[in-house]
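# Examining the three-dimensional arrangement
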Amino acid sequence: MNAPSLRAAVDATLGAAVDAGRVPGVIATVADAAGPLYAGAFGVRALGAPEPMTLDTVCWIASMTKPLTAAAAMQLVERGVLALDAPAQRWAPPLASIEVLDGFDDAGEPRTRPPKRPITLRDLLTHTAGFGYAIWDEATAQYQRKRELPGVGSGRLIALQTVLRFDPGERWMYGINIDWVGRIVELATGLRLGDYLKQNLLGPLGMNDTAFRLTPELRGRLAKVHQRDAAGALQATDWQVVQDTEFDLGGGGLYSTAGDYLRFVRMMLNRGELDGERVLAPETADALTRSHTGAIRVTRLPSTMPEVSNPLEIFPDVPKGWGLSAMVNLEPVPTGRAAGGLMWGGLPNTYFWIDPARGIGGVYLTQLMPFLDVESLPLYCAFEKAVYDSLGR
């Protein structure tokens, strides 16, 4: 671990950013299939408090939860419990009542209609089912306000009963799809998603610091989420994921550490196996990493809540599809990642990437919003580039 050139390059990149106040704290890890190559932590867990960021600091990983939920669903596909292309309402009957939003009338009332075909698990995993997020889609936000629906972060089941923005399979839109996938896992197994993950993925992979609910021990190592104000200044907040929920938030509810998540990355680089524990068949792991959207491309989404996220776009000049778990760059990206690489992030500027072609992956955790922050996203890209430049891959 920590080859001298890699350590020097990444330490300099991340350390300088923290020293300059661009981010309050950051943890980064890198590995290939054989094992960890780098681990470093810089800054503090909360501005104004003395506790430093450490390699075992617990962070909210938000949408980095999605690949773990997708892996759980694909385990059940392997076992014949679920099917990718059957109507998902077979396992989640409430999906049968979901309709497509066809706009609003003059009084502001939503106009809806049944979808042209049922939603499948593949639609949900690829974000082509039609669901949006209010954060990046004003029509979804308007519908939720009109129907007095809570956001999915509330952990209430009624939050899942929102509308589709288009017919299943028609195009891509980032949305609550993977929360539905997590709910399908719960309904198909009779277990809470967290319990299923612990028994079938987190436990076997040794990801013992990854959970939906904060134990006192995990809370003692928790970094605070910071918010950037209009002037760009950062302040620590007391925000945390709702702990008493009606279902586990498979789209964004997990807490974890950089070391834990790196074990998931290494499992994917090893095509479903880590340290003698196989959790996915090789062909299933491969399926999770390649694009399943065909000619459909990931597109820019505007922000409706600038305090939560900037417009949703990463590497705007690179064509991108979506796998069964995350975004796939269809051409090389400027950081050095090869075509066919996999990456995604979470609201508090947490990011990961997996590069099957070059056999490397990494994890970057900060705790600040808005998502795709003007300082943290470029820092993540600089970190990834420093890794490739140092390793010559």
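Shown above is the structure to which this text applies.
Structure report, in brief. Positions within a chain are numbered from 1, following the residues in the order the chain's sequence is written. For a predicted model such as this one, the threshold for reporting local features is a pLDDT of at least 70, and the threshold for listing and counting side-chain atom pairs is 80 or more; totals across whole chains, interfaces and linings nevertheless cover every residue. Based on all heavy atoms of the structure, the side-chain values leave hydrogens and waters out of the count.

### Overview of the packing of aromatic side chains
Pairing of aromatic side chains here covers Phe, Tyr and the six-membered ring of Trp, requires ring centres within 6.5 Å, and sorts the geometry by plane angle: under 30 degrees stacked, over 60 edge-to-face, intermediate tilted. If you walk through the whole model with that rule in mind, you get 22 aromatic pairs. Geometrically, the ring pair formed by Trp60 and Trp239 is tilted, given 4.4 Å between the ring centres and 35° between the ring planes. Placement of the pair is Trp60 in strand β3 (residues 59-60) and Trp239 in the loop between β7 (234-236) and β8 (255-256), with a sequence separation of 179 residues. A helix here means a DSSP run of H or I that spans at least four residues, while a strand means a run of E at least two residues long, and both kinds are numbered starting from the N terminus.

### Considerations on the side chain of Thr210
Among the secondary structure elements, Thr210 is positioned in the loop between α6 (193-205) and α7 (216-219). A polar atom in the side chain of Thr210 sits 2.7 Å from the side chain of Ser256. Among the polar contacts made by the side chain of Thr210, one reaches the side chain of Asp260 at a distance of 2.8 Å. Two residues qualify as a contact provided that any one of their heavy atoms is within 4.5 Å of a heavy atom in the partner residue. Look past the residues within four positions of Thr210 in its chain and what remains in contact with it is Leu68, Leu202, Leu254, Tyr255, Ser256 and Asp260. Pairing of N or O atoms within 3.5 Å defines a polar contact, subject to two protein rules: one partner must be a possible hydrogen donor and the other a possible acceptor, and residues neighboring in sequence count only if both atoms are side-chain atoms.

### Remarks on the pairing of strand β14 (residues 350-355)
Each regular strand carries side chains that alternate between the two faces of the sheet. Throughout this description, buried means an accessible area under 20% of the type-specific maximum (1.4 Å probe, protein chains only), exposed means over 50%, and partly exposed covers the range between. For β14, the tally of buried residues reaches six of six residues, placing the bulk of the element in the interior. Burial of the side chains of β14 extends over both faces: Thr350, Phe352 and Ile354 are buried on one face and Tyr351, Trp353 and Asp355 on the other. Strand pairing is defined by DSSP finding a minimum of two bridges between the two strands. Two strands pair when backbone bridges link them, and strand β13 (residues 341-346) and β14 are joined in this way by five bridges, in the antiparallel orientation. Among the inter-strand pairings, Gly346 is bridged to a residue of β14, identified as Thr350. The loop that links β14 with its antiparallel partner strand β15 (residues 360-365) comprises four residues; one of these, Gly359, has a positive phi angle of about 70°.

### Here we look at the packing of helix α2 (residues 66-78) against α6
Angle between the axes and distance between the axes are the two parameters that describe a pair of packed helices. Lines fitted to C-alpha atoms define the axes, with helix axes restricted to the stretch in contact, and inter-axis angles between N-to-C directions lie between 0 and 180 degrees. Contact geometry for α2 and α6: axes closest at 10 Å, N-to-C directions at 75°. Considering the angle they form, α2 stands roughly perpendicular to α6. Across from Leu68, Thr69, Ala71, Ala72, Gln75 and Leu76 in α2, the residues of α6 making contact are Leu193, Tyr196, Leu197, Asn200, Leu201 and Leu202. Each residue belonging to the contact of α2 with α6 can be placed in one class, and the counts come to nine nonpolar, three polar and no charged. Should an angle fall under 35 degrees it is taken as roughly parallel, and over 145 as roughly antiparallel, whereas 65 to 115 is taken as roughly perpendicular and any remaining angle as oblique. Each residue gets one of three labels, nonpolar for Ala, Val, Leu, Ile, Met, Phe, Trp, Tyr, Cys and Pro, charged for Asp, Glu, Lys and Arg, and polar for the others, Gly among them.

### Remarks on the sheet that holds strand β12 (residues 327-329)
Spatial strand order, β2-β1-β15-β14-β13-β12-β11: seven strands in an open sheet with antiparallel pairing. Each of the sheet's edge strands pairs with one partner strand only, and the pair in question is β2 (35-43) and β11 (320-322). For this sheet, the mean angle separating the axes of adjacent strands, direction not counted, is 20°. Of the strand pairs in this sheet, β12 and β13 are connected by three bridges, and their pairing is antiparallel. Its bridge partner being in β13, Met327 is matched across the sheet by Met343. Along the sheet face, helix α10 (residues 376-391) touches β1 (25-32), β2, β13, β14 and β15 and points at about 30° away from the line of β14.

### Here's the deal with α2
Expected helix span is given by 1.5 Å per residue-to-residue step, counting one fewer step than there are residues. Here α2 contains 13 residues, and its C-alpha end-to-end distance of 18 Å stays within 8% of the 18 Å for a straight helix at 1.5 Å per residue. With respect to burial, α2 is a largely interior element, 11 of its 13 residues being buried. Among the residues of α2, Lys66, Pro67, Leu68, Thr69, Ala70, Ala71, Ala72, Ala73, Met74, Gln75 and Leu76 are the ones counted as buried. Here the buried face of α2 lies against α3 (121-125), α5 (177-189), α6, α8 (258-269), α9 (282-289) and β14. Immediately downstream of α2, the backbone of Gly80 shows phi near 80°, a positive value.

### What to know about unusual backbone geometry
Between Met369 and the following residue, Pro370, the backbone shows a cis peptide bond with an omega angle of 20°. With respect to the secondary-structure elements, Pro370 resides in the loop between β16 (368-369) and α10. The phi dihedral of His127 falls on the positive side, at around 60°, and the residue is not glycine. Summarising the element assignment, His127 is placed in the loop between α3 and α4 (138-146). With relative accessibility at 1%, the residue His127 sits in the buried group. Phi at Glu148 takes a positive value of approximately 55°, unusual for a residue other than glycine. Of note, Glu148 is situated in the loop between α4 and α5. Residue classification places Glu148 among the exposed positions, given a relative accessible area of 71%.

### Concerning the pattern of salt bridges
Criterion for a salt bridge: a side-chain nitrogen of Lys or Arg within 4 Å of a carboxyl oxygen of Asp or Glu. Enumeration according to the criterion identifies 26 salt bridges in this entry. Arg165 is paired through a salt bridge with Asp137; the nearest N and O atoms lie 2.6 Å apart. Of this pair, Arg165 sits in the loop between α4 and α5 while Asp137 sits in the loop between α3 and α4; the two residues are 28 residues apart in sequence, bridging distant segments of the chain. Between Arg263 and Asp275 there is a salt bridge; the shortest N-O distance is 2.8 Å. Pair noted here: Arg263 is in helix α8 and Asp275 is in the loop between β9 (273-274) and β10 (277-278), with a separation of 12 residues, a long-range link. Look at Arg263 and you get partly exposed, because its relative accessible area is 23%. Judged by its relative accessible area of 56%, Asp275 falls in the exposed class. A single network of salt bridges, built from pairs that share partners, joins Arg183, Glu186, Arg192, Arg213 and Asp248.

### Focus on the sheet that holds β16
Backbone-to-backbone hydrogen bonds pair the strands of a sheet. The strands run either parallel or antiparallel. One open sheet accounts for three strands, arranged β7-β6-β16; its pairing is mixed. Of all strands in the sheet, those bounded by a partner on one side alone are β7 and β16. Relative to β7, strand β6 (residues 226-228) is paired through three bridges, and the arrangement is antiparallel. For His226, the partnering residue across the bridge sits in β7 and is Ala236.

Function cannot be inferred from these measures alone, as they are strictly geometric.
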